[in-house]
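# Understanding the architecture of this molecule
Below are the chains, spelled out letter by letter.
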Amino acid sequence: MKNLVLVGFMGTGKTDVGQRAAARLGLRFVDTDHVIEQRAGRTIADIFAKEGEPHFRGLERAVVQELAAQQDLVIATGGGIVLNPDNLRDLSATGIVVCLWAEPDVILKRTQHHNHRPLLEDPDRATRITDLLRQREPLYKSIPLRVDNTHTTVEQDVESVLRIYRDQTTGARAGV
Ligand code: S3P
């Protein structure tokens, strides 16, 4: 089966939705951030702090290339995967790429008690989220298959993602 790939900004629920979708589809779940951390034996925050973001992007790129060469996976990606167009190209070649989207205020609420994301470690996290999201919005919105989960539950998001995946893999058309 083709991979199901979840892309989207931090706090859009890629891991939660991905794990549940994988269980429903009977596919293996993989999280690119988790693979990077396991291999490095360190956290992403530590990698950013010691080697910087470009080094992290290199590790992320290598994991994407590896996972895109496999099948039967549900892949939750890091929020910055869209920054390198090669990542989307490779992931789309072997998978159905779905972008999860949420408005900045909801992202702030979902991430406010987390401190593992180096790019959100800013005294003014609300402005940081708005700025980053504005910069990246064209990249996320260039992905044709999107689920806006600003006002939905994780369960509803899973259903939306599964519907898209099934429609795309069986050739059926949604909503007709
Ligand atoms: C990042 C998102 C993070 C992680 C890293 C950078 C980003 O993943 O890859 O902190 O650039 O948006 P999540 O989207 O899973 O939080």
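Attention in this report is confined to the structure presented alongside it. (Residues numbered from 1 in each chain as written. Predicted model: local features only at pLDDT ≥ 70, side-chain atom pairs only at ≥ 80, totals over all residues. Heavy atoms only, no water.)

### So, the nonpolar core
Heads up, the condition is: Nonpolar cores are built from buried Ala, Val, Leu, Ile, Met, Phe, Trp, Tyr and Cys residues. Side-chain atoms within 4.5 Å join them into one set. Three exposure classes are used, based on accessible area relative to the maximum for each residue type with a 1.4 Å probe and protein chains only: buried under 20%, partly exposed in between, and exposed over 50%. Any two residues having at least one pair of non-hydrogen atoms within 4.5 Å are treated as being in contact.
Counting residues in hydrophobic clusters, the biggest one holds 34 residues, and the most contacted among them are V7, F9, V82, L91, V97, Y140 and I143. In this view, V7 contacts K14, T77, I81, V82, L88, V97, V98, C99, L100, Y140 and I143; residues no more than four positions away in its chain are not counted. Counting residues in hydrophobic clusters, the runner-up holds 18 residues, among them L6, A21, L145 and Y165.

### Here we look at unusual backbone geometry
Here is the rule we go by: Helix numbering and strand numbering both begin at the N terminus, where a helix is a DSSP run of H or I of at least 4 residues and a strand a DSSP run of E of at least 2.
Not every positive phi belongs to a glycine, and D72 is a case in point at roughly 60°. Within the element layout of this structure, D72 appears in the loop between helix 4 (53-68) and strand 3 (73-76).

### As for the environment of E121
We apply this condition: Polar contact is the term for a pair of N or O atoms within 3.5 Å; when the atoms are in protein, one must be able to donate a hydrogen and the other to accept it, and sequence-neighboring residues count only if both atoms are side-chain atoms.
Structurally, the position occupied by E121 is in the loop between helix 6 (104-111) and helix 7 (125-141). With 23 residues separating them in the primary sequence, E121 and P144 have C-alpha atoms 30 Å apart. Among the polar contacts made by the side chain of E121, one reaches the side chain of R125 at a distance of 3.2 Å.

### Quick notes on the side chain of N3
Mapped onto the elements, N3 comes out in strand 1 (residues 3-8). At 3.1 Å, the side chain of N3 forms a polar contact with the backbone nitrogen of D72. When neighbours within four sequence positions are excluded, N3 is seen to be in contact with L67, Q70, Q71, D72, L73, I75, T94, G95, I96 and Y165.

### With respect to the site of the ligand
Selection criterion: Proximity is defined per residue: if any heavy atom of the residue lies within 4 Å of a molecule or strand, that residue is considered near it. To measure how exposed things are, a 1.4 Å probe is used in the Shrake-Rupley method; for residues, cover is taken only from the protein chains shown.
Close contacts around the ligand come from 13 residues, with K14, D33, R57, R117 and R136 the closest. Within the side chain of D33, a nitrogen or oxygen atom sits 2.7 Å from an oxygen atom of the ligand. G80 is positioned with one of its backbone polar atoms (N or O) 3.2 Å from an oxygen atom of the ligand. With the chains in place, 95% of the 390 Å² that the ligand exposes on its own is no longer accessible.

### Observations regarding the packing of helix 1 (residues 14-25) against helix 8 (residues 154-170)
We count it as follows: Every angle, taken between N-to-C directions, lies between 0 and 180 degrees, and every axis is a line fitted to C-alpha atoms, over only the stretch in contact when it is a helix. Each angle is binned into one of four classes, with values under 35 degrees roughly parallel, values over 145 roughly antiparallel, values of 65 to 115 roughly perpendicular, and all other values oblique. Handedness of a crossing is defined here by the sense of rotation of the near helix relative to the far one, left-handed for an anticlockwise turn of less than a right angle and right-handed for a clockwise turn. Under the scheme applied, nonpolar residues are Ala, Val, Leu, Ile, Met, Phe, Trp, Tyr, Cys and Pro; charged residues are Asp, Glu, Lys and Arg; polar residues are all the others, including Gly.
Packing of helix 1 against helix 8 brings their axes to within 9 Å, and their N-to-C directions diverge by 55°. Judged by the angle between their axes, helix 1 and helix 8 are oblique. For the pair helix 1 and helix 8, the crossing hand works out as right-handed. For the pair helix 1 and helix 8, the contacting residues are D16, V17, R20, A21, R24 and L25 in the first and V154, E155, D157, V158, E159, V161, L162, Y165 and R166 in the second. Residue classes in the contact of helix 1 with helix 8 are distributed as 8 nonpolar, no polar and 7 charged.

### Quick look at helix 3 (residues 44-51)
Spelled out, the test is: Regarding the arc, it is the one traced by the directions from the helix axis to the C-beta atoms.
Of the residues making up helix 3, those classed as buried are I44, I47 and F48. The buried residues of helix 3 all sit within an arc of 100° when viewed along its axis, so they share a single face. With respect to the buried face of helix 3, the exposed residues turned more than 90 degrees away are A49 and K50. Buried residues along helix 3 sit in contact with helix 2 (32-40) and helix 4.

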